[in-house]
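Given next are the chains, with one letter for each unit.
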Amino acid sequence: MTGAKTDAEQVEAANTAFYEALERGDFDELSDLWLDADTAPEPEPDDPDGRDDEDIAEDGDEAAISCVHPGWPVLTGRGEVLRSYALIMANTEYIQFFLTDVHVGVAGDTALVTCTENILSGGPPPEGGGELGPLVGQLVVATNVFRRTVDGWKLWSHHASPVLAETDDEEGEESPS
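In this text the structure is predicted, and so the values were computed from the model without any measurement.

Summed over the entire model, instances satisfying the criterion amount to five aromatic pairs. Residues Phe18 and Trp34 carry aromatic rings whose centres are separated by 6.3 Å and whose planes lie at 85° to one another, so their mutual orientation is edge-to-face. Highlighted residues: Phe18 in helix 1 (residues 7-24) and Trp34 in the loop between helix 2 (27-32) and strand 1 (66-68), separated in sequence by 16 residues. The interplanar angle of 85° and the centroid separation of 5.9 Å between the aromatic rings of Phe18 and Tyr85 together place this pair among those described as edge-to-face. Taken together, the positions of Phe18 in helix 1 and Tyr85 in helix 3 (residues 78-90) put the pair 67 residues apart, joining distant regions of the chain.

In structure tokens form, the structure reads like this:
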């Protein structure tokens, strides 16, 4: 039996598409996955001016999107957010995400995805070398907020924070009673 996907399944698929586009370095697809003025939610029929003031930022819909990469300041607006991804893609030779602890919640036209990004990445090769630079592993927790649009679920906000790894000393210590 094949039926229509539930909202949660659609959101999870959009979330997966976001990470896959980033892995492939597909900037056009990644851009299409973000909310913009053309993909903003349709106004509710009972809204007299066709706008919901809570849904629109002072500078318009696109200013409402935001992104926080680990160690970066808050980026707001479509241009600033997409420039950050272009910069990351240009300076990352290889990146792969293994998502764990994925949880999806949907409330009306808004969805929240929390997950752990187990990241494996490599930079450009050392000077004169033809091989990939050293691979580095990172553990990051992320929150992705999606909005339902006429074109499907689109990213509204991405916030990622590094997880501090425990050292061997911390693992063996017992907390004082």
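As a further point, take helix 3. End to end, helix 3 covers 18 Å across 13 residues, agreeing with the expected 18 Å (1.5 Å per residue, within 8%). Residues of helix 3 that are buried include every one of Arg78, Val81, Leu82, Ser84, Tyr85 and Met89, and no others. All buried residues of helix 3 fall inside an arc of 150° around its axis, so they share one side. When the buried face of helix 3 is taken as reference, the exposed residues oriented beyond 90 degrees from it are Arg83 and Ala90. At its buried positions, helix 3 is contacted by helix 1, helix 2, strand 1, strand 2 (75-76) and strand 6 (152-162).

Bridge count for strand 3 (residues 94-107) against strand 4 (residues 110-122) is twelve bridges, and the pairing is antiparallel. In the sheet register, Val104 faces strand 4, and the bridge partner there is Val113. Taking the residues that link successive antiparallel strands as the turn, the strand 3-strand 4 hairpin has two residues, and the phi of Gly108 there is positive, at about 65°.

Ordered in space as 2-1-6-5-4-3, the six strands form an open sheet in which the pairing is mixed. The sheet is open, and its two borders are formed by strand 2 and strand 3, each paired with just one other strand. Where strand 4 meets strand 5 (residues 135-149), 13 bridges bridge the pair, whose relative direction is antiparallel. Looking at the pairing, Thr110 lines up with Arg147 of strand 5. Here helix 1 sits on the sheet and contacts strand 3, strand 4, strand 5 and strand 6; the angle it forms with strand 3, its principal contact strand, is near 160°.

Structurally, Glu117 can be placed in strand 4. Despite its burial, Glu117 pairs with no opposite charge; the closest candidate is Arg24, at 15 Å N-O. Within polar-contact distance, the side chain of Glu117 engages the side chain of Tyr19 at 2.5 Å.

Under the criterion given, the structure shown has four salt bridges. Taking the shortest distance from any N to any O, the salt bridge between Arg148 and Asp7 comes out at 3.0 Å. Taken together, the residues Arg148 in strand 5 and Asp7 in helix 1 connect sequence positions 141 residues apart. Note on Arg148: relative accessible area 26%, which makes it partly exposed. With relative accessibility at 27%, the residue Asp7 sits in the partly exposed group. Close ionic contact of Arg24 with Glu29 constitutes a salt bridge, the shortest N to O distance being 2.4 Å. Glu29 sits in the partly exposed class, given a relative accessible area of 26%. When salt bridges that share partners are traced, they join Asp7, Asp109 and Arg148 into one network.

Rules and cut-offs
- Residues numbered from 1 in each chain as written.
- Predicted model: local features only at pLDDT ≥ 70, side-chain atom pairs only at ≥ 80, totals over all residues.
- Heavy atoms only, no water.
- Phe/Tyr/Trp six-rings, centres within 6.5 Å; stacked < 30°, edge-to-face > 60°.
- Helix = DSSP H or I, 4+ residues; strand = E, 2+ residues; numbered from the N terminus.
- Expected span 1.5 Å × (residues − 1).
- Buried < 20%, exposed > 50% of the residue type's maximum accessible area, 1.4 Å probe, protein only.
- Arc of directions from axis to C-beta.
- Contact = heavy atoms within 4.5 Å.
- Pairing = 2+ DSSP bridges.
- Axes fitted to C-alpha atoms, helices over the stretch in contact; angles between N-to-C directions.
- Lys, Arg positive; Asp, Glu negative; His and termini not counted.
- Salt bridge = Lys/Arg side-chain N within 4 Å of Asp/Glu carboxyl O.
- Polar contact = N/O pair within 3.5 Å; in protein donor to acceptor, adjacent residues only side chain to side chain.

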